Amino acid sequence: MAFWKPGTIAPGSAVDRDTENETDTAVVAHAEQQYRHLTLKQQRERLPVFKLRRELLYSVETYQTTIVIGQTGSGKTTQIPQYLEEAGWAGKGKQIACTQPRRIAATSVSQRVADEKNVKLGAEVGYLIRFDDQTSSKTRIKYMTDGMLFRETMIDPLLTNYDVIMIDEAHERSLYTDILLGVLKKIQRKRPDLHVIISSATLDAETFYKFFNHNQTKDQTKDTANIISLEGRMYPVDTLYVDEPVADYVETSIQTVFDIHMQEPRGDILIFLTGRDEIDRVVSEIYDRSKTLPKNSLHIDPLPLYAGLTLQDQLRVFEPTPRDTRKVIVSTNIAEASVTLEGIVYVIDCGFVKIRAYNPKTGMEALVVTPISKASALQRAGRAGRVRAGKSFRLYTENTYNTLKDTSIPEIQRTNLAPVILQLKALGIDNVLRFDFLTAPPAALMIRSLELLYSLKALDDVGRLTIPLGMQLAEFPVDPMLGKILLSSGDFHCSQEIVTIAAMVSVQNIFIQPSKKMDKMALLDIRRQFWVEEGDHLSLLNVYNGFVQNGKSSGKWCHDRLLNFKALARAIRIRQQLVKYLKRFDVPLVSAMDGTRLDQDLQRATASERIRKCLVSGYFSQAARAEPDGSGRFRTIRDGVLLNVHPDSVLFNRNPTCVIFHEVVETNKPYMRDLTTIDETWLAELAPHFYQYQTTEKK
Ligand code: CDP
Ligand code: MG
């Protein structure tokens with residue numbers, strides 16, 4: 001245990017590029033880098049999992065469930081599916097599925113495995129994530145998000161396409177991982193030929209073992225589950241705390257990078273921050289400040305890592321670090337366990353994580369920045385010990401560490417369950433309260449979600465899925481509220497616009513964050529050209545239409561408008577997918593601007609009204625009214641929760657009286673994001689159930 005004071009190291013003592021005094025550890029680091037030049041086959045055989053190859057295959061063969069525990073980087077994700085395939089699994093038209101809680105893991109890992117097998121991605125090895133299917137009839141190893149595998153149970157309830165299913169990163173306890181574990185346990189009773197692997201990077205094997213062991217007797221030879229521990233190759237990691245709380249962890253993280261750079265031998269740095277804004281800021285600051293480093297010192301190469309990055313940008317962090325450079329990877333929680341980064345020797349941990357949390361009292365889900373758990377802190381620190389002995393710099397005090405929770409709360413206990421309940425019901429699991437959960441969600445969470453589904457008319461009075469609406473919402477790969485607006489968009493005569501809006505809100509990072517130097521007014525001028533006074537949804541529609549009218553080109557048009565071409569291109573693809581669903585559900589594709597006899601102004605007015613009413617038909621539960629005190633704050637209509645308008649919103653400082661919003665983000669304050677102005681009377685008109693409740697419920 002040690003302390004340090006960030007920012008106390010004088011520049012000028014940077015590790016010299018050429019005359020570096022190579023300690024033993026640095027030699028090890030260098031040697032590790034050199035493994036990059038081994039053939040892929042040799043690299044594969046160096047991984048800890050390789051030694052247990054036979055034991056693993058035996059276990060999968062013998063037990064219905066095998067639980068594999070091993071440090072990040074031991075080869076679980078990339079190797080186990082390959083071993084299985086080499087041993088003859090995935091024959092006779094079957095496949096091996098390997099689920100990931102995160103899209104970025106599914107895409108990057110499948111690429112790596114395709115490379116190792118020397119095949120084209122999408123052939124023998126493929127991936128499937130929402131709105132993006134890179135598999136074919138040839139595919140035998142399929143990396144997919146856990147949500148997508150759960151979706152497949154709706155078409156194929158016994159998952160007969162697979163003979164082995166590996167639930168990877170189970171320690172993350174993502175919502176769909178937990179649900180899948182329950183569903184797989186059910187399936188196993190009907191399909192003894194289905195083999196399940198649960199893989200986890202932490203030591204919580206017992207929970208999974210107890211859940212999956214169907215053996216009721218004391219005779220262990222009758223066990224149906226087995227645990228295999230991979231010996232982790234881990235070097236010691238020295239943990240350092242700040243001696244007093246830091247005022248701004250973002251700034252402190254930058255200082256710490258330079259402290260390390262000046263004082264410590266070579267080795268890459270990994271910084272954990274909570275989100276994209278912070279990460280972009282840190283990357284650009286490090287880049288700027290590194291220009292003042294002494295000429296002969298190591299270069300600093302700061303790289304971002306978060307889910308919204310394109311595949312190419314993600315892959316940059318996996319490239320070997322050049323000899324004269326120190327890589328600084330600035331990441332969200334994604335690097336905690338989901339992806340393996342080579343060469344990290346120093347970890348800087350801000351102590352926070354951004355999670356989605358649902359508050360059953362308010363019925364709202366928000367992205368909230370919260371303290372991490374002790375388990376997370378340990379896991380983060382561990383990223384520094386893969387190559388050689390490392391150091392973990394915690395930007396919080398030891399006292400703070402002692403107050404952290406032991407483990408993180410599984411997502412199923414803190415998230416909106418409406419989408420999952422719909423899908424479980426579509427699977428025929430009507431009594432969701434009695435579903436075999438690994439950890440049951442709190443009743444209040446369940447009830448609130450059931451109530452929302454009821455007011456969306458997805459459930460009837462006795463809680464059964466309605467036909468066709470409830471069924472269609474279950475099938476639609478979007479949140480039920482968004483699904484509802486899409487399905488009712490034909491009735492509102494604006495499906496063309498709604499499907500665009502739905503695609504746009506499904507994509508992150510449409511707008512590029514300008515550099516710090518950019519003039520505020522100049523930025524506003526650029527953004528304003530798309531703004532309409534009705535709010536963000538219609539402004540997003542404008543952005544999309546502008547992009548399409550200008551030939552969907554990546555070049556100058558997007559650049560000049562600070563728009564993210566890749567995000568817009570993704571919106572186009574998502575829109576195409578959504579249109580397919582609408583056709584399947586017989587929703588007519590009509591534009592609100594059709595019906596030419598009206599004069600232009602009137603037509604526009606009614607078009608906007610129709611679109612906004614349609615939005616209300618799904619988002620009625622997320623409605624808020626301006627506070628009378630002129631503070632610019634809002635109160636949700638049903639529950640009276642205070643909210644603010646996000647500064648990025650078109651409606652920031654515009655003082656609308658009543659709005660609906662797409663989501664809440666909570667940083668220092670709770671902010672509504674993606675808002676549209678509405679007429680409050682529409683709520684009673686379009687969601688009488690929901691707002692009647694209010695009068696009866698609030699005594
Ligand atoms: O799943 P686990 O964390 O146990 O390890 P893995 O993801 O299978 O990674 C095993 C090794 O493959 C890593 O140590 C990396 O050397 C390599 N790898 C890579 O080079 N590029 C990737 N995209 C993924 C893995
Ligand atoms: Mg893995």
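Residues numbered from 1 in each chain as written. Chains lettered and ligands numbered in written order. Predicted model: local features only at pLDDT ≥ 70, side-chain atom pairs only at ≥ 80, totals over all residues. Heavy atoms only, no water.

*Asks:* Would you mind showing me how to read the overall build of the chain here?
*Replies:* Looking only at helices and strands, the chain has 27 helices and 22 strands in total. Its C-alpha atoms give the chain a radius of gyration of 26 Å, near enough to 27 Å, the size a compact globule of 699 residues would have. Counting only C-alpha atoms and orienting by the principal axes, one finds that the chain spans roughly 80 × 65 × 50 Å. Residue burial in the chain is summarised as follows: out of 699 residues, 56% are buried. Nonlocal contacts in the chain, meaning residues at least 24 apart in sequence, comprise 75% of its contacts between residues at least 6 apart. Working note: accessible area of the chain is about 30,800 Å², and carbon and sulfur atoms make up 51% of it. Averaging the coordinates of the 89 positive side-chain charges in the chain and doing the same for the 85 negative ones gives two points 2 Å apart. (Helix = DSSP H or I, 4+ residues; strand = E, 2+ residues; numbered from the N terminus. Rg over C-alpha atoms; globule rule 2.2 N^0.38 Å. Buried < 20%, exposed > 50% of the residue type's maximum accessible area, 1.4 Å probe, protein only. Contact = heavy atoms within 4.5 Å. Areas by Shrake-Rupley, 256 points an atom, 1.4 Å probe, with all protein chains shown as cover. Lys, Arg positive; Asp, Glu negative; His and termini not counted. Charge placed at Lys NZ, Arg CZ, Asp CG, Glu CD.)

*Asks:* What exactly am I supposed to notice about helix H7 (residues 146–155) here?
*Replies:* Every α-helix carries 3.6 residues per turn, so stepping three or four residues along brings you back to the same face. Among the 10 residues of H7, 8 are classified as buried, and the element is accordingly described as predominantly covered. Asp146, Gly147, Met148, Leu149, Phe150, Arg151, Glu152 and Thr153 are the residues of H7 that are buried.

*Asks:* Teacher, can you tell me more about the domain arrangement of the chain here?
*Replies:* In many reports, interface size means the accessible area that the parts give up when they come together. When the domains of the chain are assigned, the result is domain 1 (3–25 + 234–411), domain 2 (48–229) and domain 3 (476–593 + 602–698). At the interface, 19 residues of domain 1 touch 17 residues of domain 2. Where domain 1 meets domain 2, there are 4 residue pairs in polar contact (both at pLDDT 80 or more). A class-by-class count of the residues in the side of domain 1 that touches domain 2 yields 10 nonpolar, 5 polar and 4 charged. (Domains from an automatic or database assignment. Polar contact = N/O pair within 3.5 Å; in protein donor to acceptor, adjacent residues only side chain to side chain. Nonpolar A, V, L, I, M, F, W, Y, C, P; charged D, E, K, R; others polar.)

*Asks:* Is there a simple way to explain the side chain of Ser539 in this structure?
*Replies:* Its place among the elements puts Ser539 in helix H22 (residues 536–549). Only 3.1 Å separates the side chain of Ser539 from the backbone nitrogen of Val532, close enough to count as a polar contact. If sequence neighbours within four positions are ignored, Ser539 has contacts with Phe530, Trp531, Val532 and Val650.

*Asks:* What is the right way to read unusual backbone geometry from this model?
*Replies:* With the exception of glycine, the majority of residues adopt a negative phi angle, and the majority of peptide bonds are in the trans configuration. Of the consecutive residues Ile467 and Pro468, the connecting peptide bond is found in the cis state with omega at 0°. Among the secondary structure elements, Pro468 is positioned in the loop between helix H17 (443–455) and helix H18 (469–475). Phi at Leu562 is positive, roughly 55°, even though this residue is not glycine. For Leu562, the position within the fold is in the loop between helix H23 (556–560) and helix H24 (565–584). Of note, the phi angle at Asp586 is positive, near 60°, even though the residue is not glycine. Turning to its location among the elements, Asp586 is positioned in the loop between H24 and helix H25 (600–619). With relative accessibility at 68%, the residue Asp586 sits in the exposed group.

*Asks:* Help me understand the state of the cysteines in this model?
*Replies:* Working definition of a disulfide: a covalent bond connecting the sulfur atoms of two cysteines. Tallying each qualifying case throughout the model produces 0 disulfides. Cys614 provides the cysteine sulfur closest to Cys658, a residue in no disulfide bond, and the two sulfurs are 17 Å apart. (Disulfide = S-S within 2.5 Å.)

*Asks:* Got a minute to help me understand the packing of helix H19 (residues 480–488) against helix H20 (residues 495–505) in this structure?
*Replies:* When two helices pack together, you describe them by how their axes are tilted relative to each other and by the distance separating the axes. Contact pair H19 / H20: the axes reach a minimum separation of 9 Å and the direction vectors enclose 160°. Classed by the angle they form, the pair H19 and H20 counts as roughly antiparallel. Regarding H19 and H20, the two cross each other, and that crossing is left-handed. For the pair formed by H19 and H20, the contact residues are Leu482, Ile485 and Leu486 on the first element and Ile498, Val499, Ala502 and Val505 on the second. A per-class count over the contact of H19 with H20 returns 7 nonpolar, no polar and no charged. (Axes fitted to C-alpha atoms, helices over the stretch in contact; angles between N-to-C directions. Parallel < 35°, antiparallel > 145°, perpendicular 65-115°, else oblique. Left-handed = near helix turned anticlockwise from the far one by under 90°.)

*Asks:* What is the right way to look at the packing of aromatic side chains in this model?
*Replies:* The relative placement of two aromatic rings is captured by the distance of their centres and the angle of their planes. Across all of its chains, the model carries 14 aromatic pairs by this definition. Ring geometry for Phe435 against Phe437: centres 4.9 Å apart, planes inclined by 75°, an arrangement best described as edge-to-face. Across this residue pair, the class does not change: Phe435 and Phe437 are buried. The interplanar angle of 70° and the centroid separation of 6.2 Å between the aromatic rings of Phe530 and Trp557 together place this pair among those described as edge-to-face. Of this pair, Phe530 sits in the loop between helix H21 (520–528) and H22 while Trp557 sits in helix H23, and the two are 27 residues apart along the sequence. (Phe/Tyr/Trp six-rings, centres within 6.5 Å; stacked < 30°, edge-to-face > 60°.)

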